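Spelled out from the first residue to the last, the chains are:
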Amino acid sequence: MARTEHKFLFLCGLHRSGTSPLFRILRDHPQVSGFRNTGVIEDEGQLLQTVYPPAKVYGGPGRFGFSPEAHLTESSELVTPENRRRLFEQWSRHWDLNKPWLLEKSPPNLIRARFLQALFPDSYFVVILRHPIAVSLATWKWSRTSLLSLVAHWLRCHEIFEEDRPHLHRVLVFKYEDLIRDTAPLIKQVYQFAGLPPQPCGPMNPAGNKRYFEMWGKLTEDPTLAPVQRHIIAKYESQAGKFGYTLKPETLKQAEAAR
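Residues numbered from 1 in each chain as written. Predicted model: local features only at pLDDT ≥ 70, side-chain atom pairs only at ≥ 80, totals over all residues. Heavy atoms only, no water.

Student: Would you mind going over the packing of helix 4 (residues 132-143) against helix 5 (residues 147-164) in detail, with residue names and values included?
Tutor: How two helices sit against one another is set out by the angle between their axes and by the gap between those axes. As a packed pair, helix 4 and helix 5 sit with axes 9 Å apart at the nearest point and diverge in direction by 130 degrees. On the basis of the axis angle, helix 4 is oblique to helix 5. Taken as a pair, helix 4 and helix 5 cross one another with a handedness that is right-handed. When helix 4 is examined against helix 5, the residues Pro132, Ile133, Val135, Ser136, Leu137, Thr139, Trp140 and Ser143 are found in contact with a partner set consisting of Leu147, Leu150, Val151 and Trp154. Taken together, the residues of the contact of helix 4 with helix 5 break down into 9 nonpolar, 3 polar and no charged. (Axes fitted to C-alpha atoms, helices over the stretch in contact; angles between N-to-C directions. Helix = DSSP H or I, 4+ residues; strand = E, 2+ residues; numbered from the N terminus. Parallel < 35°, antiparallel > 145°, perpendicular 65-115°, else oblique. Left-handed = near helix turned anticlockwise from the far one by under 90°. Contact = heavy atoms within 4.5 Å. Nonpolar A, V, L, I, M, F, W, Y, C, P; charged D, E, K, R; others polar.)

Student: Describe in detail the pairing of strand 4 (residues 123-129), supporting the description with residues and values.
Tutor: Where burial is concerned, most of strand 4 is hidden: 7 out of the 7 residues are buried. Relative to strand 5 (residues 171-175), strand 4 runs parallel, the two being bridged by 5 bridges. The partner of Leu129 across the bridge, within strand 5, is Lys175. (Buried < 20%, exposed > 50% of the residue type's maximum accessible area, 1.4 Å probe, protein only. Pairing = 2+ DSSP bridges.)

Student: Can you tell me about the sheet that holds strand 3 (residues 101-105), naming the residues and giving the values?
Tutor: In space, the 5 strands of this open sheet follow the order 2-3-1-4-5, with parallel pairing throughout. A single partner strand is all that each edge strand has here, and the edge strands are strand 2 (32-34) and strand 5. Averaged over all pairs of adjacent strands, the angle between their axes in this sheet comes to 20 degrees, without regard to strand direction. Across 5 bridges, strand 1 (residues 7-12) lies against strand 4 in parallel orientation.

Student: Just give me the short version of the packing of aromatic side chains, but keep the residues and values in it.
Tutor: Enumeration over the complete set of coordinates arrives at 17 aromatic pairs. Ring geometry for Trp154 versus Phe243: centroids 5.3 Å apart, planes at 90 degrees, classification edge-to-face. Of the two residues, Trp154 sits in helix 5 while Phe243 sits in the loop between helix 9 (226-241) and helix 10 (249-257), which places them 89 residues apart along the sequence. Like Trp154, the residue Phe243 is buried in the burial classification. Lys175 extends its terminal NZ or CZ atom over the ring of Tyr245, reaching a point 4.3 Å from the ring centre. (Phe/Tyr/Trp six-rings, centres within 6.5 Å; stacked < 30°, edge-to-face > 60°. Lys NZ or Arg CZ within 6 Å of the ring centre and 35° of its normal.)

Student: Just give me the short version of the pattern of salt bridges, but keep the residues and values in it.
Tutor: Tallied over the entire structure, the rule returns 12 salt bridges. The shortest N-O distance in the salt bridge between Arg114 and Glu74 comes to 2.5 Å. Separated by 40 residues along the polypeptide, Arg114 in helix 3 (residues 113-119) and Glu74 in the loop between strand 2 and helix 2 (81-92) bring together distant segments of the chain. For Glu74, a relative accessible area of 35% corresponds to the partly exposed category. As a salt-bridge pair, Arg181 and Asp178 come within 2.5 Å of each other at their nearest N and O atoms. Within this pair, Arg181 and its partner Asp178 are both found in helix 6 (residues 176-181), separated by 3 residues, close to a single helical turn. Classification of Arg181 by relative accessible area gives partly exposed; the value is 45%. Residue classification places Asp178 among the partly exposed residues on the basis of a relative accessible area of 26%. (Salt bridge = Lys/Arg side-chain N within 4 Å of Asp/Glu carboxyl O.)

Below, the structure is given as structure tokens:
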């Protein structure tokens, strides 16, 4: 069972949203223990336990959020004292329990924060959003699904999170675009949120989205994909706007040039 002095820090964000570099930064804090050298993809906690199904059960990247069963809350039948004990025991094999903060990240956390909070009440959630076009294009080549579906999946997962958000006791949300532009201030904000002493960190690549926005812009010249692009914009521009994003390539090009 988790000791009362431990606090849990869960990183939430879809595949290719920037959770991995953020995880590595936070893992290096002297008061934080995060998984490393576990042998599983990106040291994801979902792959180091047997209590709940990992994303691959529901189709994996770009798909899992479409399955209602993938969305777990405090109402899940999996929320039991035995599962709390078992999950902590399995993850503890990879944590240094001498440190007060225990860090975990997995993409499905975005739609499972309420479930994790029910198992570990002393939890803090850091949620990172990255532009849906960057996430979709970065995932496209290995997700075996369409761009249209990937954008729809991004929107669906973040809509689920926004519905869950009022139920979370401690949550900090920010954008990948802000993190790569002002890394040190954002990381300081995370430490303040968790009550951790500040720790210096290096900058991230401020051009993290550039190549994806360039790829998106070039689709306007592709006779096969240009109609798909127009359909995505027509169908989802309004929904993306609710998260502060635009799907219009000309607007993205102007915004990237202004950086």
